[in-house]
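So you can see what is in the structure, the chains are spelled out below.
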Amino acid sequence: MSVVRFGVSLEKDLLEALDLYVDENLFTNRSQAIRHLISNSLAENKWQCDNDVAGSLTMLYDHHRREIVGRLTRLQHDFHDLIISTLHFHLDHQQCMEIIAVKGKASELTALADRLRSVKGVSFARLTMTRAFTDEGEHESQGAHR
Ligand code: NI
């Protein structure tokens with residue numbers, strides 16, 4: 001994917017808020033944070049609610065990146081109560097794909113995805129969630145991705 005550079009003018013306080021956002025979310029730089037904010041805003045559904053959902057998180061990463069495997073493993077242990085199972089595929093000499101089955105509150109799963117996505121060397125991370133059950137016990141499916 002080709003990357004295009006462009007200039008952005010921001011008020012000073014907005015820029016300070018952006019830098020704070022970069023720090024709080026462990027992004028490497030402003031560009032990474034802005035990319036994340038734009039794709040979030042464009043997503044059709046944003047799930048920050050407390051609904052109980054199930055889903056999958058698909059990630060691509062370069063396992064040659066220094067310390068990345070340890071970082072990803074530590075994060076998955078930190079969120080072990082949300083993770084049902086992890087499938088790991090060695091796509092080629094460099095790229096790994098992981099599909100993580102998750103279950104829990106939508107906001108918590110979103111937080112897990114945000115943390116994994118922010119790890120340097122992760123080139124793709126998409127969370128797909130579906131509401132497992134309604135209060136009435138009826139099955140209701142509603143897709144959302146970000
Ligand atoms: Ni691998």
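Residues numbered from 1 in each chain as written. Predicted model: local features only at pLDDT ≥ 70, side-chain atom pairs only at ≥ 80, totals over all residues. Heavy atoms only, no water.

**A few points about the coordination of the nickel ion**
- Within the protein, His 88 (NE2), His 90 (ND1) and Cys 96 (SG) serve as the donor atoms for the nickel ion, at 2.0 to 2.3 Å.
- Written as a sequence motif, the donor arrangement for the nickel ion is H-x1-H-x5-C. (Donors = N, O, S within 2.8 Å, 3.2 Å for Na, K, Ca; no water.)

**Considerations on helix 1 (residues 12-24)**
- Compared with an ideal rise of 1.5 Å per residue, which puts 13 residues at 18 Å, helix 1 spans 18 Å between its outermost C-alpha atoms and is within 8% of the ideal.
- Downstream of helix 1 by a residue or two, Leu 26 has a phi angle that is positive, lying close to 60°. (Helix = DSSP H or I, 4+ residues; strand = E, 2+ residues; numbered from the N terminus. Expected span 1.5 Å × (residues − 1).)

**A short note on helix 4 (residues 106-117)**
- If you check helix 4, its first and last C-alpha atoms are 16 Å apart, about what twelve residues at 1.5 Å a residue would give, namely 16 Å.
- Among the twelve residues that make up helix 4, nine are buried, leaving the element largely enclosed by the rest of the structure. (Buried < 20%, exposed > 50% of the residue type's maximum accessible area, 1.4 Å probe, protein only.)

**Remarks on the side chain of Ser 118**
- Relative to the elements of secondary structure, Ser 118 occurs in the loop between helix 4 and strand 4 (122-131).
- Given the relative accessible area of 6%, Ser 118 is considered buried.
- Within the local environment of Ser 118, its side chain forms a polar contact with the backbone oxygen of Arg 115, the two atoms lying 2.8 Å apart.
- Here Ser 118 is in contact with Asn 25, Leu 26 and Gln 32, once residues within four sequence places are set aside. (Polar contact = N/O pair within 3.5 Å; in protein donor to acceptor, adjacent residues only side chain to side chain. Contact = heavy atoms within 4.5 Å.)

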